[in-house]
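# Observations on chain architecture
In case you want the letters, here they are:
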Amino acid sequence: MSTRSCRRPSRLPSGRLSSITSPPTWDFPVSCGHGGQIGELIFKLYGVRFTEPGAGKYLKRWGLSFQRPDKRAVEQDPEAVRLWHEGTWPAIRARAKAENGEVLFADQVGIRSDQVTGRTWGAKGRTPVVRRTGNRFSVNAMSAISIRGRMHFMVFTESFDAKVMCRFLARIIGHFDRKIHLIVDWHSAHRSKTVRDWLADHNDEIELHFLPSYSPELNPDELVNADLKRSLPHTHRARSQAELAAETRRFFHRRQRQPHIVRGYFGGPHVRYVLDENPLSF
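Parameters and conventions
- Positions within a chain are numbered from 1, following the residues in the order the chain's sequence is written.
- With pLDDT at 70 or above as the cut-off, local features in this predicted model cover only qualifying residues; side-chain atom pairs require 80 or more to be listed or tallied, and sums for whole chains, interfaces and linings still use all residues.
- Water and hydrogen atoms were dropped before computing side-chain values, which therefore reflect all heavy atoms in the structure.
- Each aromatic pair joins two rings of Phe, Tyr and Trp (for Trp, the six-membered one) with centres within 6.5 Å, and gets the label stacked for planes under 30 degrees apart, edge-to-face for over 60, and tilted for any other angle.
- Strands are runs of DSSP state E lasting at least two residues, helices are runs of H or I lasting at least four, and both sets are numbered from the N terminus onward.
- Only protein chains enter the area calculation, which uses a 1.4 Å probe; residues under 20% of their type maximum are buried, those over 50% are exposed, and those in between are partly exposed.
- Whether a charge sits over a ring comes down to the Lys NZ or Arg CZ being within 6 Å of the ring centre and within 35 degrees of the ring normal.
- Think of it this way: DSSP has to see at least two bridges between two strands before they count as a pair.
- Every axis corresponds to a line fitted to the C-alpha atoms, with the helix fit spanning only the stretch in contact, and the corresponding angles, defined between N-to-C directions, vary from 0 to 180 degrees.
- Between two residues, a contact is recorded if the distance between any of their heavy atoms is within 4.5 Å.

### Some thoughts on the packing of aromatic side chains
Applying the stated rule across the entire model yields seven aromatic pairs. Geometrically, the ring pair formed by W89 and F105 is tilted, given 5.7 Å between the ring centres and 45 degrees between the ring planes. Linking W89 in helix α3 (residues 78-98) with F105 in strand β1 (residues 102-112), this pair joins segments that are 16 residues apart in sequence. The burial state of W89 is the same as that of F105; both residues are buried. The structure contains a cluster of three or more aromatic residues connected by ring pairs, namely W84, W89, F105 and F266. The side chain of R49 reaches across the aromatic face of F43, ending 3.8 Å from its centre.

### What to know about the sheet that holds β1
Read from one edge to the other, the open sheet built from five strands follows the order β3-β2-β1-β4-β5, with strand pairing classed as mixed. Each edge of the sheet is formed by a strand with only one pairing partner; in this case those strands are β3 (151-156) and β5 (206-210). Strand after strand, the sheet turns through a mean of 25 degrees between neighbouring axes, direction not considered. Pairing of β1 with strand β4 (residues 180-184), which is carried by four bridges, proceeds in the parallel orientation. Its bridge partner being in β4, E102 is matched across the sheet by I180. Set on the sheet, α3 makes contact with β1, β4 and β5; between it and β4 the angle comes to about 155 degrees.

Following this line, the structure appears as structure tokens:
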């Protein structure tokens, strides 16, 4: 069958595809990254061959757009994610409400002096140059956010381990006069014996809950990390670890004064499940 363009889709030879007015229930794999590959899939399914522009026209007609795909770890367990949404998370929320407690999502992040993020304007064919130190150093941070728009953080220079985690937990409970339900990932420091022993001594003040493995998209605090890394390159020219730590603290202090932005982290495309509750109901 000869290759046909999509200029006049109403006159396709078989009519099998032109009669479709809504997108077929295809689950396009990530490898189908452009119209040519999707055109091959159409040919295999319907026996109608399209040029790449022709396939693109049909995809746009069905309300689809060319997007950067989100990533999911192949190790993620979909059943665990479903149980989190339908069972674990509602139970945590109900317990916190019954105890007049507070729910926080937490995560840690590392910031390096040589990371390359952000963009700027420049002449075509000439890459812009940003001057910064050639020394390599880094700082780490741990933050926690609530649906109410509260943010708590700690910036440190040592590696993240169980002792640092315990120090962060101690700082968190110092800001509240009620029990904290802290939701974290499966980092080894979160599950260490040192942390478990510390939590046993503070059971009335704080409790840890774990997200499903390999599911960072379920943690809105991941958006804080991304926001931090996007913001720093536009504002800092840190020449030392101390300057980088100071810039990192300034970012967190700024966000603490912007609770509407903190609440916005919970409105990401993958964490909307926390938005259907009244932030003031806890």
